[in-house]
Amino acid sequence: QVQLVESGGGLVQAGGSLRLSCAASGRTFVSYALGWFRQAPGKEREFVAAVSLSGGSTGYADSVKGRFTISRDNAKNTLYLQMNSLKPEDTAVYYCAAGQGRYYSGSYASNYDYWGQGTQVTVSS
């Protein structure tokens, strides 16, 4: 089992940047495929980005491609999401997630077994 704790959210103006972090407990961090999802008020949770066990494979939602970068540091048990050129429509609670027993979990929430509590990102226009 792994516990996930997000940080780094906040209020930023449109065009600005934020870096989210997700710290994981446990010594088996390297065995989990990881991802970021978000949920805006009144909307369903949606996929943002995913990364494979080694970090060598990544995937992004079309809405964030070219602006967001997902990465992981297995030595630090930490997942990151670098968010640049932020837009008001990026406003949401951002969640990190871990999928056990998979090389890459992709965009399906059902492929993830553990979730963090979320961190709020608000982008003002």
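The paragraphs below set out a description of the structure included in this document.

## Some details on the sheet that holds strand 1 (residues 4-7)
Phase 1 of the analysis: Pairing is antiparallel across the open sheet formed by four strands, whose spatial order is 1-3-8-7. Looking at the sheet topology across the chains shown, the edges are occupied by strand 1 and strand 7 (68-73). Pairs of neighbouring strands in the sheet enclose a mean axial angle of 15°, with direction left out of account.
Phase 2 of the analysis: Where strand 1 meets strand 3 (residues 18-24), four bridges bridge the pair, whose relative direction is antiparallel.

## Comments concerning the pairing of strand 9 (residues 92-100)
Phase 1 of the analysis: In terms of burial, strand 9 is largely enclosed, as seven of its nine residues are buried.
Phase 2 of the analysis: Pairing of strand 4 (residues 32-39) with strand 9, which is carried by eight bridges, proceeds in the antiparallel orientation. Residue pairing across strands places Phe37 opposite Tyr95, the latter belonging to strand 9.
Phase 3 of the analysis: Direction of pairing for strand 9 relative to strand 11 (residues 119-124): antiparallel, over a ladder of three bridges. Paired with Val93 across the bridge in strand 11 is Gln120.
Phase 4 of the analysis: As paired strands, strand 9 and strand 10 (residues 114-115) are joined by two bridges and run antiparallel to one another. Looking at strand 10, one finds that Ala97 is bridged to Trp115.

## A closer look at the pattern of salt bridges
Phase 1 of the analysis: This model, assessed by the stated rule, comprises four salt bridges.
Phase 2 of the analysis: Here Asp90 makes a salt bridge to Arg38, at a shortest N to O gap of 2.9 Å. With Asp90 in the loop between strand 8 (78-83) and strand 9 and Arg38 in strand 4, the pair connects residues that are 52 residues apart, well separated along the chain. An identical accessibility class is assigned to Asp90 and Arg38; each is buried.
Phase 3 of the analysis: Among the ionic contacts, a cluster of salt bridges with common partners joins Arg38, Glu46, Arg67 and Asp90.

Conventions adopted
Residues numbered from 1 in each chain as written. Predicted model: local features only at pLDDT ≥ 70, side-chain atom pairs only at ≥ 80, totals over all residues. Heavy atoms only, no water. Pairing = 2+ DSSP bridges. Helix = DSSP H or I, 4+ residues; strand = E, 2+ residues; numbered from the N terminus. Axes fitted to C-alpha atoms, helices over the stretch in contact; angles between N-to-C directions. Buried < 20%, exposed > 50% of the residue type's maximum accessible area, 1.4 Å probe, protein only. Salt bridge = Lys/Arg side-chain N within 4 Å of Asp/Glu carboxyl O.

These figures capture arrangement, not role.
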